[in-house]
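Architecture and fold: a report
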Amino acid sequence: MSHRILVIPGDGIGAEVMPHVLRVLDALGVALAYELADLGGVAIDNHGTPLPPSTLAAARESAAVLLGAVGGPKWDALSMDQRPEKGLLGMRAGLEAFANLRPAMLFEPLADASSLRPELVAGLDILIVRELTGGIYFGEPRGVDNEAGRRRGYNTYVYNEDEIARIARVAFDLAGKRNGRLTSVDKANVLEVTQLWRDVVNEVHAEYPDVDLDHLYVDNAAMQLVREPKQFDVLVTGNMFGDILSDVAAMLTGSLGMLPSASLNAHGQGLYEPVHGSAPDIAGRNIANPLATILSAAMMLRYSLGEREAADRVETAVDSVLAEGFRTADIMPATGTDSTRLVGTAEMADAVIAALEVPA
Ligand code: NAD
């Protein structure tokens, strides 16, 4: 039986890159049935809304959603509620995707692109698991009011134990399938809600005796990520700390054009998308790096479709095209070497497909 995938190309380079990503998936020989849908700016143009109900309904019926990117200047003047990005937030909420997975993998040939010294990051492979639907970004009460003539702003940092336990289980499961080490990040010395976080993560640990667990305060975790990032395997944390730490980790790997992500719900359904946006400044010129979306597709194969071998093949192919010297403009070193070769979007995808065809 083939896996049912909803493909949402979206806007800008999202729409430009996606056909090449589908070519890569086709070359794997995995049985996939695609359905295409609109989201974001193109959905506003075609359906008058950034998230057409038919798109969300199709997403719910699919094993996974593969998304390009949304947004662009054409829709920037619309009200907040009508903007393309609202469609993306609605899609994440509609799928109840509470677990955000952000890998930070540094492909060896790109070690020079990192903001850290190559020896600190070469071979880096860490995974940040961020709680995505709770915490201070959603807690009530929230707002800005007026107290005796002075404005006062407030938000509420709240998690209940079920929310903590379910994200902890996702992280322990993933750590168990990787190198068996999980670091939970909190601020338990100051915030009661994160003392509860620490307590619940410790309780859930009893279900995963094979995974080593440690805890770090978020300030120390930030410091360790830029001091010695290779000490980590999987990190799990709440929404706000995860937002910040995943961007720090992203920069260790050099370019936005290389970063995939996944957001999973309790049924293993997932939304897979590159971290980057629709890049209107380069759209339509065949220069966007397709690897972030290709690597997002690899995550989809691994986490929602159970096609681990195919996922490994894609990641190995990406590694080998980089080792062969293929570079899109965003990852081209300022002083190109003899072994690097500047290519466009289509040629990069061609190179990945050619590498897939080389027998292991
Ligand atoms: P962006 O990620 O689109 O671009 C930032 C910079 O990185 C640009 O210079 C761009 O050219 C470059 N870049 C991004 N992806 C690249 C790739 N694959 N290859 C080469 N270069 C790449 O962020 P932005 O410019 O802040 O936002 C542009 C639009 O995208 C806005 O409408 C924004 O709201 C939207 N956006 C969407 C998402 C999403 O769909 N998930 C995420 C972020 C931004």
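Scroll up to find the structure.
Residues numbered from 1 in each chain as written. Predicted model: local features only at pLDDT ≥ 70, side-chain atom pairs only at ≥ 80, totals over all residues. Heavy atoms only, no water.

What follows concerns the sheet that holds strand β9 (residues 212–217). Strand order in the open sheet made by the ten strands is β2-β1-β3-β12-β11-β4-β5-β10-β8-β9, with mixed pairing throughout. Of all strands in the sheet, those with a lone pairing partner are β2 (32–36) and β9, marking the two edges. Between one strand axis and the next, the sheet turns by 25° as a mean value, whatever way the strands run. The pairing of strand β4 (residues 99–105) with strand β5 (residues 125–131) spans seven bridges and is antiparallel. Each bridged residue has a counterpart across the sheet, and for Pro 103 the counterpart in β5 is Leu 127. Sheet strands in contact with helix α3 (residues 53–60) are β1 (3–10), β2 and β3 (64–69), and its direction is about 145° off that of β1. Across the sheet, helix α4 (residues 84–94) is in contact with β1, β3 and β12 (270–274); its angle to β12 comes to roughly 145°. (Pairing = 2+ DSSP bridges. Helix = DSSP H or I, 4+ residues; strand = E, 2+ residues; numbered from the N terminus. Axes fitted to C-alpha atoms, helices over the stretch in contact; angles between N-to-C directions. Contact = heavy atoms within 4.5 Å.)

What follows is about the site of the ligand. Near the ligand lie 20 residues; those nearest to it are Glu 85, Gly 277, Ala 279, Asp 281 and Asn 289. Gly 277 places a main-chain nitrogen or oxygen 2.7 Å from an oxygen atom of the ligand. In isolation the ligand has 800 Å² of accessible area, and contact with the protein removes 68% of it. Residues that form the shell around the ligand fall into these classes: nine nonpolar, seven polar and four charged. (Near = heavy atom within 4 Å. Polar contact = N/O pair within 3.5 Å; in protein donor to acceptor, adjacent residues only side chain to side chain. Areas by Shrake-Rupley, 256 points an atom, 1.4 Å probe, with all protein chains shown as cover. Nonpolar A, V, L, I, M, F, W, Y, C, P; charged D, E, K, R; others polar.)

Taken together, the side chains of Glu 161, Asp 162, Asp 199 and Glu 203 make up a negatively charged region of the molecular surface. Of all elements in the fold, only α6 (161–177) and α7 (192–205) reach the threshold of two or more residues within the negative patch. Inspection of the secondary structure puts Asp 162 in helix α6. (Patch = residues over 30% accessible without salt bridge, like charges linked within 9 Å, V, L, I, M, F, W, Y side chains within 5 Å. Salt bridge = Lys/Arg side-chain N within 4 Å of Asp/Glu carboxyl O. Lys, Arg positive; Asp, Glu negative; His and termini not counted. Charge placed at Lys NZ, Arg CZ, Asp CG, Glu CD.)

Function cannot be read off these values alone, since they describe shape.
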